[in-house]
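Listed here are the chains, written in short residue letters.
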Amino acid sequence: MQAKHLIQRLREAGLVLYDEREAEQIAYLTAAHLVGLGDHTAPLRVDPVREWPIEEAQIEQAAHRLRSGEPMQYILGQTDFFGRNFAVDSRVLIPRPETEELVDLIRRSERSAKRILDIGTGSGCIAISLALELPKAEVSAVDLSPDALEVARKNAERLQAEVDFREGDALHGLKALFAPASFDVIVSNPPYVPESDRREMHRNVLEHEPAMALFVPDDDPLRFYRAIAEAGQHLLREGGALYFEIYHALADEMIRLVEGLGYTEVVVHRDLQDKPRMLCGRKRNR
């Protein structure tokens, strides 16, 4: 099929949910992957009449997935995070740009860390990125979902990152997974979107990304932060750091929670959109 006709088919499918510019961008990226070009769309753009060997069934399947609102990252089976390519599918949350900012904050602030724990690792994007950016540190990661851990382990293997992955529940039993005072840094990007915010979210998120990685009850939106911060008092060494990605609307509540659990030097950092998005605190030295 000629490149221009392939792009047209995919662009029309994308217009069900996206504006013209986004639909065209998605169409080129999807087409490039379908014909084996990876992320390189230039050959499709510079020679629109070139014929590419592709089966009709492949085109229709991709178009159907676009029309259904499935995120492009799942269709492509990958996404970029902190300069690296991570495999993603519907078993894991798609990494967001804000989480890259969290990784960068830790990379710059914790260069001497010897042991790091990522709780709720999902695709492994935080743990793997930190293992590669801070190669002197031993990195462990925990997730409740065996399916997510399978994705994370495959990403670590492909990216040649040494990470100790373990199955565990952030709400219960974290203390039993590791010895006391094992870590210099604990980081987590847990579920934090209140259930009442569902109505404001795009359906490509609601219908395709794992709800267990996104939502928390309206009556207890800080449940994961509380459990992890409490476990941190057991798992962190004195002076060790706790890092969270947080829900911007609950930044003040987060400060009170973490300080109330005994952490010092509690600071909230704003993301590139000027929203309070990252929180850091330290376990008090005795």
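In what follows, the accompanying structure is described. Worth saying up front: this structure is predicted, and the values here are computed from it rather than measured.

**Here we look at the overall build of the protein**
Check the secondary structure of the protein and you find 11 helices and 11 strands. The principal-axis extents of the C-alpha atoms in the protein amount to approximately 70 × 40 × 30 Å. Counting only residues that meet the buried cut, the protein has 52% of its 286 residues in that class. Within the protein, counting contacts between residues at least 6 apart in sequence, those at least 24 apart form 64% of the total. Carbon and sulfur atoms form 47% of the exposed surface of the protein, whose accessible area is close to 13,600 Å². Both charge centroids of the protein, one from 36 positive and one from 48 negative side chains, sit 4 Å from each other.

**Observations regarding the packing of aromatic side chains**
Taken as a whole and judged by the stated rule, the model has 3 aromatic pairs. Residues Phe 178 and Phe 183 carry aromatic rings whose centres are separated by 5.0 Å and whose planes lie at 85° to one another, so their mutual orientation is edge-to-face. We classify Phe 183 as buried; its relative accessible area is 0%. With a centroid separation of 4.9 Å and 80° between ring planes, the pair formed by Tyr 225 and Phe 244 is classed as edge-to-face.

**Let's talk about the pairing of strand β9 (residues 236-245)**
For β9, the tally of buried residues reaches 7 of 10 residues, placing the bulk of the element in the interior. Inspection of the sheet shows strand β6 (residues 183-188) paired to β9 by 5 bridges, in the parallel sense. Bridge pairing in β9 links Val 185 to Ala 241.

**Things to note about helix α11 (residues 251-260)**
Every buried residue belonging to α11 is among Ala 251, Met 254, Leu 257 and Val 258, and all of these are buried. For α11, the buried positions fall inside an angular range of 120° around the axis, keeping them on one side. Counted as exposed and oriented over 90 degrees from the buried face of α11: Asp 252, Arg 256 and Gly 260. Summarising the contacts, the buried residues of α11 are in contact with α10 (223-235), β9, β10 (263-270) and β11 (276-283). Phi for Gly 262, located one or two positions after α11, is positive at around 100°.

**Considering the sheet that holds β11**
Taken in spatial order, the 7 strands of this open sheet run β5-β4-β3-β6-β9-β11-β10, and their pairing is mixed. Each edge of the sheet is formed by a strand with only one pairing partner; in this case those strands are β5 (163-167) and β10. Taken pair by pair, the neighbouring strands of this sheet meet at an average axis angle of 15°, ignoring direction. Contacting β3 (115-119), β6, β9, β10 and β11, α10 crosses the sheet at an angle of about 160° to β9.

Rules and cut-offs
- Residues numbered from 1 in each chain as written.
- Predicted model: local features only at pLDDT ≥ 70, side-chain atom pairs only at ≥ 80, totals over all residues.
- Heavy atoms only, no water.
- Helix = DSSP H or I, 4+ residues; strand = E, 2+ residues; numbered from the N terminus.
- Buried < 20%, exposed > 50% of the residue type's maximum accessible area, 1.4 Å probe, protein only.
- Contact = heavy atoms within 4.5 Å.
- Areas by Shrake-Rupley, 256 points an atom, 1.4 Å probe, with all protein chains shown as cover.
- Lys, Arg positive; Asp, Glu negative; His and termini not counted.
- Charge placed at Lys NZ, Arg CZ, Asp CG, Glu CD.
- Phe/Tyr/Trp six-rings, centres within 6.5 Å; stacked < 30°, edge-to-face > 60°.
- Pairing = 2+ DSSP bridges.
- Arc of directions from axis to C-beta.
- Axes fitted to C-alpha atoms, helices over the stretch in contact; angles between N-to-C directions.

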